[in-house]
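Spelled out, the chains give:
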Amino acid sequence: DEFLHRAREESKPSVVELDTYRYRGHSVADPDNTYRDNVAAGSDSNGFWMSLPEHPNGKFEGTELSKNTWPRRTPFREFKGNVAHSNYDSFMFDRNIAANNTFSVTGSSHTGLENPADPNSKAVVSVFADLTAYKNRNGAIWGRGEMHEFRNVKVADNAIGFTHASGAFGRYAFTSQVVDSLFVGETENIGNPRTDTEKAYGRSLPKPTLPDYPIRGYEYYDYRHDLVNTTFRNFEDNATRKTGAISNLLFSSFGVSTNNAMERVKFEKAKPVYFPPMANNAKWASDNGGSTSYKTAAYRDKDGSLGGGPNSFVIINDGVNDSIATDTTACEIKPTWNAAVCKGDMGRLGITAAAPAGAAGPAGPGAAKGAPGGAGAAKGGPGGPGAAKGAAPGRGAPNPIVLSRNGRKLNFTGDLTVLAGTEVRAESEAPTLTIRVNEMDPGSWMIVELPGYNNAASGAAVSSLDALRGATSNSYFKGNGSLWVKVVANGGGMTQGTAAGRGGLAPSSIQVSR
């Protein structure tokens, strides 16, 4: 088709283009405009850079007009038909400009509202349509914000096709949606091989200094992303590098949602999923912190596009960070994907230990871990979900929790992905623990064995483990030196909302004590 012909045949931009757009192509500072059928090529940084101030600056700074204008809350009037190629990043919808003309790597973001002057106004969808991005060193599209829909996107020959960060962590119906789109790993356009490795490979590489970099089409990242009616083509492993059509931001420490989903996804000469191994591969990643979200990543396959049947899940299973949700009866292991495809409901299990008296505890997962920097940009930035959410001042670090299932043990912090209807054992010296179940269908459940604990603050007492397993509401059983609790999901976190649980409903929970 026309897109593939362009990706195969177009040459690099002229010297004038390279000089003119060395650091950026087109800057977007006001969404209330029409951006249609533009081209950005040859930038050492961004092709199109949406960098929105809180209020217009420059000669408007401090005026009443500026004070009453909110670019970060203004819907996009039109952003359609734009093309970017031969850049570092093609479409960068992040790194907003501050009043002092500096920009942050993360932090502020864009969410269009019906009334931009009212932060509680209804959010509206911003549509980015008919975008084309190819031959970029890093990403075709990086976004940050909420209610962003990318329709009829066509990307090829990039290191990464699409990544999008949340801006409000579950407040709105979705963060991003990619619909009716095409991702191509490698086309017939071999580019201009320059290094010895590239010449041996027979084509230019997105990252010439990292020839083994695993190119990937779509990266999931933190909260509420949907991939719909999209085709992936030519993502096949070879002797130089591995690849996968769908993956996760490497090696993220930010949030995870089992509500992230896909449907009507097709694969043509493409390995559907790939979780690159973490060991000795920090060079590939933008986030080498705790990597808690990467280690517990999960995506819902609504219609069985991956072959596991409707409403199955794909989870990481790389031999080192195998998900505790992996089950030999419910899951099919995919060794070349470093993943497992599992039937049944999945969600998030959280166990929180109170911190003892003492020094201040550490920040939560995601603290001081920012989005990937552009060429020459500093990496890191303000923390994502969990940033600065450690123990309160004057309290020590929380007691560790060791979780075990099917003979596998792991040190546990925060939340992790679990398979509904299973039993786990949690060991801790903490005086109290709070166990919660989030993002599961109503009625799904988890049973947690807690050695050394004696009391449950809520739920119904039952007389045996068999009675506990048959219970339909939050319940507990005390016996054999352990307290066993059954937490039954109430639907908290299954849909977006402003209340706790990211679903307008606080997740079901039980507090236990010694």
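Our subject is the structure listed above.
Right, let's walk through the structure included here.

### Structural notes on the sheet that holds strand 35 (residues 508-513)
Backbone-to-backbone hydrogen bonds pair the strands of a sheet. The strands run either parallel or antiparallel. In spatial order, the strands read 27-24-29-35-31; together these 5 strands make up an open sheet with antiparallel pairing. This sheet does not close on itself; its edge strands, each paired only once, are strand 27 (415-419) and strand 31 (455-456). When strand 24 (residues 346-353) meets strand 29 (residues 432-438), the two strands line up antiparallel, connected through 6 bridges. Across the sheet, the residue bridging to Leu349 is Val437, located in strand 29.

### Describing the side chain of Lys486
Assignment of secondary structure puts Lys486 in strand 34 (residues 482-488). Despite its burial, Lys486 pairs with no opposite charge; the closest candidate is Glu423, at 8.2 Å N-O. In this structure the side chain of Lys486 is engaged in a polar contact, spanning 2.8 Å, whose partner is the backbone oxygen of Arg469. Within the local environment of Lys486, its side chain forms a polar contact with the backbone oxygen of Ala471, the two atoms lying 2.6 Å apart.

### Let's talk about the sheet that holds strand 28 (residues 422-428)
Strand order across the open sheet formed by 7 strands is 26-25-28-30-34-33-32, with mixed pairing between neighbours. Of all the strands in the sheet, the pair left with one neighbour each is strand 26 (408-412) and strand 32 (460-461). One ladder, built from 5 bridges, connects strand 25 (residues 401-405) with strand 26; its direction is antiparallel. Paired with Val402 across the bridge in strand 26 is Asn411.

### A look at the packing of aromatic side chains
On inspection of all chains with the given rule, the structure shows 26 aromatic pairs. For the ring pair Phe79 and Phe91, a centre distance of 6.2 Å and an interplane angle of 75° mean the geometry is edge-to-face. Taken together, the residues Phe79 in strand 5 (residues 78-80) and Phe91 in strand 7 (residues 89-93) connect sequence positions 12 residues apart. The pair formed by Phe79 and Phe91 is uniform in burial state, with each residue classed as buried. Between Trp142 and Tyr221 the ring centres are 5.9 Å apart and the planes differ by 45°, which places this aromatic pair in the tilted class. In this pair, Trp142 is assigned in strand 10 (residues 139-145) and Tyr221 in the loop between strand 16 (215-220) and strand 17 (225-235), connecting sequence segments 79 residues apart. In terms of burial, Trp142 and Tyr221 fall into one category: buried. The lysine or arginine in question, Arg73, covers the ring of Trp70, its NZ or CZ lying 4.0 Å from the ring centre.

### A short note on the nonpolar core
Core analysis: the largest hydrophobic core is formed by 51 residues, its most contacted members being Phe79, Phe91, Phe150, Leu227, Phe232, Ile246 and Met262. When sequence neighbours within four positions are dropped, the list of residues in contact with Phe232 reads Phe183, Gly217, Tyr218, Leu227, Ala245, Ile246, Val265, Lys266, Phe267, Glu268 and Ala270.

Analysis parameters
- Residues numbered from 1 in each chain as written.
- Predicted model: local features only at pLDDT ≥ 70, side-chain atom pairs only at ≥ 80, totals over all residues.
- Heavy atoms only, no water.
- Pairing = 2+ DSSP bridges.
- Helix = DSSP H or I, 4+ residues; strand = E, 2+ residues; numbered from the N terminus.
- Buried < 20%, exposed > 50% of the residue type's maximum accessible area, 1.4 Å probe, protein only.
- Lys, Arg positive; Asp, Glu negative; His and termini not counted.
- Salt bridge = Lys/Arg side-chain N within 4 Å of Asp/Glu carboxyl O.
- Polar contact = N/O pair within 3.5 Å; in protein donor to acceptor, adjacent residues only side chain to side chain.
- Phe/Tyr/Trp six-rings, centres within 6.5 Å; stacked < 30°, edge-to-face > 60°.
- Lys NZ or Arg CZ within 6 Å of the ring centre and 35° of its normal.
- Core = buried A, V, L, I, M, F, W, Y, C linked by side-chain atoms within 4.5 Å.
- Contact = heavy atoms within 4.5 Å.

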